[in-house]
Amino acid sequence: MKCRSIACIWSDSPPLHRVTATAVLNQPPTLYTGGSDGTIVWWNLSTNFQHDIKSIAMLCGHAAPIADLGICFPAAVPGNEMIGDLPSNVVPNSNSVNYGALISACTDGVLCIWSRGSGHCRRRRRLPPWAGSPSMVRTLPDNRRYVCVACDSVHSSDHQSLDSTEKGEASMNREVQYKKPSKCTVVIVDSYTLAIVQTVFHGNLSIGPLKFMSVILPVGDMEKQSVLMADSFGMVQCVPIINDNDPKGKNLNGAQKLPPHLEMTDWVHGTNDGGLLVAFATRGQVLALVYRTYCLFRLVDGGTTIGEISFFNDQLCHEDGASQSHVTGGMFLECYDSKMTLNSEEHNDTFLETFAVWNNRGSAIIYSVSYSGNIFKFEPLCAFPAVSHLPAMRLSICFIQLNSYLLRIESTCFHNEEPLPWKPHVTIWLLPQLHGNNGKFIQECKMLGKSSFSDHWSIHSTFRNKIEDSELNLPQSSVNVIPANDERYGHYQNKLLVSSSMVICENYYTPYAIVYGFYSGEIEVVHFHMFFEGLNAHGEADSHTSKRHLSGHTGAVLCLAAHRMVSASNRRGFNCVLVSGSNDCTIRIWDLDSSNLISVMHQHVAPVRQIVLPPPQTDRPWSDCFLSVGEDFCVAVTSLETMRVERMFPGHPYYPAKVVWDSTRGYVACLCLNDSATSDLFDVLYIWDMKTGARERVLRGTTAHSMFDHFYTGINANTLSGSVANGNTSASSFLFPIIEDTSFSQSHLKNPGKGFTSTEPNTLQAHAGKGGATKLYPSTSSIFQSNNHPIKCSCPFPGIATLSFDLASLISLCKNPEFSKDSTQDKAHVEKLEAETTKHGYRRVNSPSKGREVEMPSPRQMTINNGSGLQGISTDTLENDDWIRSLEGCLIQFTLSILHLWNVDSELDKLLVTDMKLKRPDNFMVASGLLGDRGSLTLAFPGSSNKLELWKWSSEFCAMRSLAMVSLAQHMVSLSHSCSAASSALAAFYTRNFAEKIPDIKPPLLQLLVSFWQDESEHVRMAARSLFHCAASRAIPFPLCCEKANNHSKLLGSSNETVESGHGYPRIKETSQNSLKSEISQADESEIVAWLESFEEQDWISCVGGTRQDAMTSHIIVAAALAVWYPSLVKPSLAVLAVHPLMKLVMAMNEKYSSTAAEILAEGMESTWKACILSEIPRLLGDIFFQIECVSGASSASSSAKNPVDIRETLIGVLLPSLAMADILGFLNVIESQIWSTASDSPVHVVSLMTLIRVLRGSPRNLAQYLDKVVNFILQTVDPGNSVMRKSCLSSSMVALKEVVRVYPMVALNDTSTRLAVGDAFGEIGNASIRVYEMLSMTKIKVLDASGPPGLPHLLGGASEAGVTTAISALSFAPDGEGLVAFSEHGLMIRWWSLESVWWEKISRNLVPVQCTKLIFVPPWEGFSPNSSRSSIMASVMSNERQTNLQESTRSLNEVERIKLLIHNLDLSYRLEWVGQRKVQLKQHGQELGTFQL
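A.B. asks: Could you give an account of the pattern of salt bridges, with specific residues and numbers?
C.D. replies: Applying the stated rule across the entire model yields 28 salt bridges. One salt bridge connects Asp1183 with Arg1179, and the closest N-O pair in it is separated by 3.4 Å. Here the residue Asp1183 and the residue Arg1179 both occupy positions in helix H26 (residues 1177-1191), the gap between them amounting to four residues, near one helical turn. A salt bridge links Arg1302 to Glu1299; the shortest N-O distance between them is 2.3 Å. Residue Arg1302 and its partner Glu1299 are both found in helix H33 (residues 1283-1303); the two are separated by three residues, about one turn of the helix. Through salt bridges with shared partners, one network takes in Arg283, Glu334 and Glu353.

A.B. asks: Outline the nonpolar core, supporting the account with residue identities and numerical values.
C.D. replies: Nonpolar side chains in soluble globular proteins generally cluster together in the buried interior. Formed by 251 residues in total, the largest nonpolar core has its most connected members in Trp10, Phe1028, Leu1122, Leu1161, Trp1169, Tyr1304 and Ile1330. Sort the elements by how many residues they give to this core and helix H13 (residues 955-975) lands first, with 12 residues. Those residues in contact with Trp10 that sit more than four places away from it in its chain are Pro15, Met58, Trp457, Tyr516, Gly799, Ile800, Met925, Ala927, Leu939, Ala940, Phe941 and Pro942. Counting residues in each nonpolar core, the second largest holds 25 residues, with Leu299, Ile306, Phe332 and Val357 among its members.

A.B. asks: Could you give me a rundown of the side chain of Arg548, with the residues and numbers involved?
C.D. replies: Here Arg548 shows up in strand S38 (residues 547-550). Here Arg548 sits buried without a salt bridge, and the closest side chain of opposite charge, Asp593, lies 6.6 Å off (N-O distance). Among the polar contacts listed, one links the side chain of Arg548 to the backbone oxygen of Asp593, at a separation of 3.1 Å.

A.B. asks: Give a description of the pairing of strand S48 (residues 667-672) that names residues and reports values.
C.D. replies: Among the six residues that make up S48, five are buried, leaving the element largely enclosed by the rest of the structure. The pairing of S48 with strand S49 (residues 684-689) spans six bridges and is antiparallel. Paired with Cys672 across the strands is Val684, a residue of S49.

A.B. asks: Please provide a residue-by-residue account of the environment of Gly1377, values included.
C.D. replies: If you trace the backbone, Gly1377 turns up in the loop between strand S65 (1370-1373) and strand S66 (1379-1384). Residue class for Gly1377 comes out buried when judged on its relative accessible area of 6%. A sequence separation of 18 residues divides Gly1377 from Leu1395, and the C-alpha atoms of the two residues are 7.8 Å apart. Once you skip the residues sitting within four places of it in the chain, Gly1377 turns out to touch Arg1315 and Leu1395.

A.B. asks: Account for the pairing of S66, with residues named and values stated.
C.D. replies: Taking burial as the measure, the six residues of S66 include six buried ones, the bulk of the element. Relative to S66, S65 runs antiparallel, the two sharing four bridges. The residue bridging Phe1373 from the neighbouring strand is Leu1380, located in S66. Where S66 and strand S67 (residues 1389-1394) come together, six bridges link them in antiparallel fashion. Bridge assignment links Val1381 to a residue of S67, and that residue is Trp1392. The turn linking S66 back onto S67 is made up of four residues, and Gly1387 within it adopts a positive phi angle of 110°.

A.B. asks: Kindly report on the confidence of the model for the chain, identifying the contributing residues and their values.
C.D. replies: Averaged over every residue, the pLDDT of the chain is 76; the share at 70 or more is 71%. This stretch, residues 341-346, has a pLDDT under 50; its non-local contacts, to residues over four places away or in other chains, come to seven contacts. Below pLDDT 50 for its whole length, residues 741-786 participates in 140 contacts with residues either more than four positions away or in separate chains.

A.B. asks: Can you tell me about the sheet that holds strand S11 (residues 121-126), naming the residues and giving the values?
C.D. replies: The four strands are arranged S6-S9-S10-S11 in an open sheet whose pairing can be described as antiparallel. A strand with exactly one partner marks an edge of an open sheet, and here the two such strands are strand S6 (66-72) and S11. Between one strand and the next, the sheet's axes are offset by a mean angle of 15°, whatever the strand orientation. Looking at chain direction, strand S9 (residues 101-106) and strand S10 (residues 110-115) are connected through five bridges and run antiparallel.

A.B. asks: Account for the packing of helix H30 (residues 1243-1258) against helix H32 (residues 1267-1277), with residues named and values stated.
C.D. replies: For the pair H30 and H32, the least separation of the axes is 11 Å and the interaxial angle reads 145°. The two elements H30 and H32 cross, and the hand of that crossing is left-handed. Between H30 and H32, the residues in contact are Ser1248, Leu1249 and Leu1252 and Val1270, Phe1273, Ile1274 and Thr1277, respectively. Tallied by class, residues from the contact of H30 with H32 come to five nonpolar, two polar and no charged.

A.B. asks: Account for the packing of aromatic side chains, naming residues and giving values.
C.D. replies: Evaluation of the coordinates by the stated rule reveals 32 aromatic pairs. With a centroid separation of 6.0 Å and an interplanar angle of 65°, the aromatic rings of Tyr367 and Phe378 are classed as edge-to-face. Of this pair, Tyr367 sits in strand S28 (residues 364-372) while Phe378 is found in strand S29 (residues 375-384), placing the two residues 11 residues apart along the sequence. Residue Tyr367 is classed as buried on the basis of its relative accessible area, which comes to 4%. Residue Phe378 is classed as partly exposed on the basis of its relative accessible area of 38%. Ring centres of Phe989 and Phe994 lie 5.2 Å apart, and the angle between their planes is 20°; this geometry places the pair in the stacked category.

Scoring rules and cut-offs
Residues numbered from 1 in each chain as written. Predicted model: local features only at pLDDT ≥ 70, side-chain atom pairs only at ≥ 80, totals over all residues. Heavy atoms only, no water. Salt bridge = Lys/Arg side-chain N within 4 Å of Asp/Glu carboxyl O. Helix = DSSP H or I, 4+ residues; strand = E, 2+ residues; numbered from the N terminus. Core = buried A, V, L, I, M, F, W, Y, C linked by side-chain atoms within 4.5 Å. Buried < 20%, exposed > 50% of the residue type's maximum accessible area, 1.4 Å probe, protein only. Contact = heavy atoms within 4.5 Å. Lys, Arg positive; Asp, Glu negative; His and termini not counted. Polar contact = N/O pair within 3.5 Å; in protein donor to acceptor, adjacent residues only side chain to side chain. Pairing = 2+ DSSP bridges. pLDDT = per-residue confidence, 0-100. Axes fitted to C-alpha atoms, helices over the stretch in contact; angles between N-to-C directions. Left-handed = near helix turned anticlockwise from the far one by under 90°. Nonpolar A, V, L, I, M, F, W, Y, C, P; charged D, E, K, R; others polar. Phe/Tyr/Trp six-rings, centres within 6.5 Å; stacked < 30°, edge-to-face > 60°.

Shown next as structure tokens:
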């Protein structure tokens, strides 16, 4: 499991976002807008719509324009009816997964599923190359788990804007020009797995290029739901979705064609404008074809035209001077008026619908459209005013319905130069009632709210001062007028817009700086010195960031890269360089230390789009080179040593959009994507030889994509950083193939292969240059594990820097260092580091912000960690805050500074700054984020009003962020005890105080916390368990909650009472298994079982890199833990339903969860599980012994050593003792059977002895009645006749035997350990005995009669001789071993037996009971209180009436209850000690009761 916390640092200007696709979710009200750059913005809409619409986060998972968005239900069960966006069988409060999910498709073939409940990407996959480029996404109406995706055969660029009419004429002319058939693919995708489950269509269309698609239910003669596809001229082709095998939709395989008369319907309607179709909508049997000036309504069955609406000379189509308005879209509206009836279901030729149409100015009209008796009617109901804008402003308009509201999404731009700075703006309008109008007037719609995600930047002080003051004036006419100086609409200075950005990392451990490239050509370098500098003498930290500006480019900076020189022969005097490519066709190389320009390269004649650095294992002379990719279709190789172009790779047919460098094999792969929209051309892959410059191979089509993916995967597998594509460059990781996130084993790191070195040449290590940015730390590549990357940095989009903090790497950064003094390479590295230090052990580095010098620790003073915490100390004395100067301390300090939620608890913030030395990131616009599947990101927008949104919406985010903060806070204590108070306060804040201050935040997800209960780090395990207990009362899954816990106030009250009264471990009454099962209602049982088995409905597994197995096992553990620790808050039937899955999980020997399951099963055995599985305990014990024998072999020992907590040790040390104490007799029978059923040298025998010792210590009274079986088993394990077993068990057997003697006073060994005596702790008065064993032969040699003397039962009040009572309370051998003395509390008597044997007794081994030779009655001592099991003769002779009544009540008890009472009152504190040759002393609890002469 991986716990990665994401932080996002936004630039001072908001990102660009031109809306190309939209989708809405009704419950909860949510809007999604997809952009032309691949970003998706998540907007939140309040239910009452009295507040402004708020943009919550940016969803990052695509690198190409968003083609379409849709709403699906990945966890929906086929056949269920839908109510709005929620399945009817789903309880609204059950789980976040029951919300609908967003499916997004971009033009490069990537599909993503975004969970509304958690906010992250639960699945990210790329369609196979043969499918083409996705253009449209439609959810199947009858089963919304499956999605229909239409794909073009080319990378179409027409999806970059919803305002399709901007390219309308060009698109129409292009379609007329190409006479060849258009290729298209339509597939059905399972939204849970994103796997293609059916190919509906693949081939050439009978119509023109696909422009619109819709999925319709069967109407008329249609027997199947079908896909309607239309081109720009209104020609429609219908393809059925065949599903003959399973009508419920579970098996979507195979495809068949419709009969010829339904295969294609060709509807062509001639118009003056050429018949360009701008929108296509369906509702039932009605099909609407929207053109620029009119709209046609047809019936799907047959294509009959039933009506037309013309828009000439109305609000939608008119000429206003130089500008002209025309219709750009239309859609059917869902029925939101309860008084409006739909008749289309009753008669196929009758319908009543509402239809919305809008134009390119933002004006819209809603029509009521009806058809009945071959009469078509329409009337306008309401209108929306147009958007007032300047002539220079460009608009892109779209409408979408949300319940009884209509959202208008406007993309606006003020500039006419490319790239256009588009900004989105959303307004929400209330739809009026559709009845009672009667056509008298058109109602005006009321605007309720408006918003833009630029609002988050407008309140930021540093950005507010930079907004350009506009001199333009607009009339204040209406609420929809856009002020020209409104920053939400993108009226920014061009120099403030970020065109490219990157994060420079120090040794892949520490972020060094963020580099921004602007459209104006400026470059800004923002350093992180404030977080990593040492403290001055007064303890004051530098609070200012270091910014540097580089000027020289005359066009937009399109790409960036940072490189540290590897060659030792560099004579130019620079070590760290920044390479920038620009729209001005030049490449500039800068010295990062001095900020000076080194060189200007002119090898391209078009804008430079990419800079590719050599992989880390690259050898000379290519280790100090880089690749540049330009829009002139050329790739150049430039040397930083010679500052010359060494190779040119020209001749690409298109722009090489994706370039990778395989330095191991010496190849460069350039994938050129066909963006020319010509269907008969293919994508091309060029493979170049780096050494010769020759073109090795050219591949086309799907083969090109497959080979490029192979190249990319192979390079990343041999890269220590995990990704070579975007390391220290501005390239987005979303541009490259999607590969699995694999971890590298230690064995791989020990043998990295040819070309690997101990340093990372691609990383930036600035030296302490004069006046330049300085190196923060000495090189640590050979000290720390090379595969640990605690902080990974990237820039998914320009102006957005993300920091991914890996919790496991942060806590175990210095674990198991690969550092050997005998290694020549390491010696050279150490010598190099020592040379950098001064004679005082510190080296001086310059502080760029204050111009002062700060002392940093030398490599010898940096501590090395072999476990958790710091081990090993330098020879110099370290102060309390020396951990800050170590790499590990600085990284954790930086992590907490960035991830902490500042300005929520002022007292805590002050404590963190003063005690823990954290720095507030006030000069950065920091926001939270959530990592999704395969590198996808959910990034919250900045701003104080938005910082809690993810906390309020995502339980997964709350769990991961809280776990990281609490774990790091606990780890801080191991690094420095001086910050223990601040660490404790920080941990308390994220476990309890935060939820108390802000009650509406989501509780952490219990299933996610459970997955870290067996983490390698003790701090993580402790934090996960603490968070579980603190959040359990608020986070119980709905199917498990009892009625009392459904009410939130009762829930909190119950949890508080539980914790206060019983430390969180309340107990339930012990009842029989049958009675528990009888209480289980059928509804509760089915609901709980469904939840336990709902492994397909979990979003959190993609957050931590889990599997379906993790989802199911976590459910089992959560249910079991709640049943044990919080039984009053869950349903009573939960324990019975969860115990058997828990037992199966234990026996599965799962390395992640079996240990946890065993601990929960052991902890709740007596209180919860015993009543459910008492009869199954012997079988479970036998299965566990079998598993122990299986995992104890040599082959399994190596694998089990990798487990964080050894499963075998958990079974032996935790589970077996609890099972044995729950059913002692069953346990003894099982271990006795193991003597004969397993091998003599089996480890099971030793395990049995160890378990027996734990039972002796944990439950001695319950074991007392089986002492004879216990001793016999121990003696059998050391039987001289079985030398193999005796050899393996002798040590453990002797320990067990001595423990028996220590615990039980009725078991004794003589001084020479040659004889053993075992007396009956319980027995009948007339049938008690003592057995004496010889230890050499392990055989029984005598039986002593310990029954009461004649008349004793009558003296004890008439007790029955058959009644069970206490027999022997203490035994002791005489000093010479030839005598035995016994004390019996029942009767208060001491007896003496002589053990001397004549020679014939030794031969015959006669076991006839031997009578005692002396009997002494012990007088009652002070404080002795006789009861039913402690009776004295003197009390009985006195005929005490109270005692008689007590005995009568005792006789009324049944035998089982009487034995329980005897066990409860058994006193194991009696001891007999010899004080003379014939004197014995009786003691109780160490106090002398008397001395008796024998």
